[in-house]
Each structure stands twice: as C-alpha cells, then as structure tokens.
Amino acid sequence: MTTWASGRCLCEAVTYTLSHRPLIVHACHCRDCQRITGSPFVVNAWVVEADLALAGALERRSLSSGSGKGQELSTCAACGCALFTRYLLTPPGTVFLRVATLDDPALAPPDVNIYASARAPWAPLPDAARGTFDGYYDMKTVWAPDSLARMRAAALAAASA
Ligand SMILES: [Zn+2]
Ligand SMILES: [Zn+2]
C-alpha cells in the first residue's frame, strides 16, 4: 500500500498510515470542538476510512455533536490522545482524522473554516482556500469533484460491507 502520510498518538502505542490525501480538511471553530480539544479550533482531515491503516489499541467514546446525531471519538487506550472522530451524520466509510497527530501536519492545511461565527475573538483564522463559513457549507459546491466521487465510492463500499 502506498503511504501519503503517517502519524501517531503521544505515547506511540497507536501509529497509523494514510494511503491517500484527505477529501477535504476542516478547521472547525464550533464550541463543541473547542471544548473537546481545549483549543480555539480543531483541524480535521476528512479521510476515507479504508485509506487509514491503524496499529495499536484504541478506546472509543460516544459524545454529543452539534448535529444532535452524536459522534464517536477514538483515542489511544494508553495515553488518551485523540486520533479520529466518526460523526454519525456523515456518510459511512469516512472519518475525521486529527491533523495535529500527523508526523507532518504541514501536509494537510485547512481547506475551509467552518462555524467561524463561534470563533474565539482572540483566535487567528487560518487561510482556507475553499472558504470561510459562519456555519456548515454545501459539499456539492465546495468540494473538488474527485473528492465527491471518492466519498460516494467509500459510502457505497461501506454500505455493502
Ligand atoms: Zn498513546
Ligand atoms: Zn466543530
């Protein structure tokens, strides 16, 4: 398998490789992400789950989310470092990987700022080539066509698995 990027938790009990670039990268400024991360915003790479090869023991927690549908946060079972989130609202077959856990976070700069209306007034707003949105956005107009195609294929594969 090709490797586009690699990453790990703080204690190195969990390591991973990602075989392809993300579908899109979100900088989310919502209050939930602020609380969960203890920082002004989270940077999440939306990736195809099948592209992510993980090694090591994970712990999963069910949390609330802005959509009301909830999210499942996966952390290292040993050190508690958060690695990725599955939002129950989003199509199956994809997860949100914490960009800061990449060995080289420079690979995945934010494409969009979302929930910018909830931004901490003292926090910087990252440059985001595909736009800054007060809330969420319309995927069909914001996403690159090949990312939309990859997401549909991942959702179909996950549904038939
Ligand atoms: Zn760890
Ligand atoms: Zn958020």
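Each value, and the rule that gives it
- Residues numbered from 1 in each chain as written.
- Chains lettered and ligands numbered in written order.
- Predicted model: local features only at pLDDT ≥ 70, side-chain atom pairs only at ≥ 80, totals over all residues.
- Pairing = 2+ DSSP bridges.
- Helix = DSSP H or I, 4+ residues; strand = E, 2+ residues; numbered from the N terminus.
- Axes fitted to C-alpha atoms, helices over the stretch in contact; angles between N-to-C directions.
- Expected span 1.5 Å × (residues − 1).
- Buried ≥ 20, exposed ≤ 12 C-beta atoms within 10 Å, placed from the backbone.
- Arc of directions from axis to C-beta.
- Contact = placed C-beta atoms within 7 Å.
- Core = buried A, V, L, I, M, F, W, Y, C linked by C-beta atoms within 7 Å.

Draft legend 1. Summary view of the sheet that holds strand S5 (residues 52-55). The 3 strands are arranged S1-S2-S5 in an open sheet whose pairing can be described as antiparallel. Where the open sheet ends on each side, the last strands, each with one partner, are strand S1 (5-8) and S5. Neighbour-to-neighbour, the strand axes of the sheet open up by a mean angle of 15°, direction not taken into account. As paired elements, strand S2 (residues 15-18) and S5 share 4 bridges and run antiparallel to each other. Bridging across to S5, Tyr-16 finds its partner in Leu-54.

Draft legend 2. Fine view of helix H3 (residues 145-160). Taking 1.5 Å of rise per residue, 16 residues should cover 22 Å, and H3 covers 23 Å from first to last C-alpha, within 8% of that figure. The set of residues buried in H3 consists of Arg-150, Met-151 and Ala-154. All buried residues of H3 fall inside an arc of 100° around its axis, so they share one side. Facing away from the buried surface of H3 by more than 90 degrees, the exposed residues are Pro-145, Ala-149, Arg-152, Ala-159 and Ser-160. Its buried side turned inward, H3 meets strand S4 (42-48) and strand S9 (94-98).

Draft legend 3. Examining the pairing of S4 more closely. Buried residues dominate S4, accounting for 7 of its 7 residues. A two-sided burial pattern is seen for S4, the buried positions comprising Val-42, Asn-44, Trp-46 and Val-48 on one face and Val-43, Ala-45 and Val-47 on the other. By the bridge criterion, 5 bridges tie strand S3 (residues 24-28) to S4 in an arrangement that is antiparallel. Along S4, the bridge assignment pairs His-26 with Asn-44. Note that S4 and S9 share 5 bridges and pair antiparallel. Looking at S9, one finds that Ala-45 is bridged to Leu-97.

Draft legend 4. How the structure looks around the pairing of S2. A one-sided burial pattern is seen for S2, the buried positions being Tyr-16 and Leu-18 and the unburied ones Thr-15 and Thr-17. When S1 meets S2, the two strands line up antiparallel, connected through 4 bridges. Each residue of the ladder has a partner; that of Ala-5, found in S2, is Leu-18. Two successive antiparallel strands, S1 and S2, enclose a turn made up of 6 residues, where Glu-12 displays a positive phi of approximately 75°.

Draft legend 5. How the structure looks around the sheet that holds strand S7 (residues 71-76). Spatially, the 7 strands line up as an open sheet ordered S6-S7-S8-S9-S4-S3-S10, and their pairing is mixed. With one partner strand each, in any of the chains shown, strand S6 (58-63) and strand S10 (112-114) form the two edges of the open sheet. Mean inter-strand twist for the sheet, computed between neighbouring axes without regard to direction, equals 30°.

Draft legend 6. Quick look at the nonpolar core. Formed by 34 residues in total, the largest nonpolar core has its most connected members in Cys-28, Ala-45, Val-47, Leu-97 and Val-99. Elements with a contribution of two residues or more to this core: S2, S3, S4, strand S8 (82-87), S9, S10 and H3. Of the residues forming this core, the biggest block, 6 residues, is contributed by S4. Not counting chain neighbours up to four residues away, the residues in contact with Val-47 comprise Leu-18, Pro-22, Leu-23, Leu-52, Thr-94, Val-95 and Leu-97.

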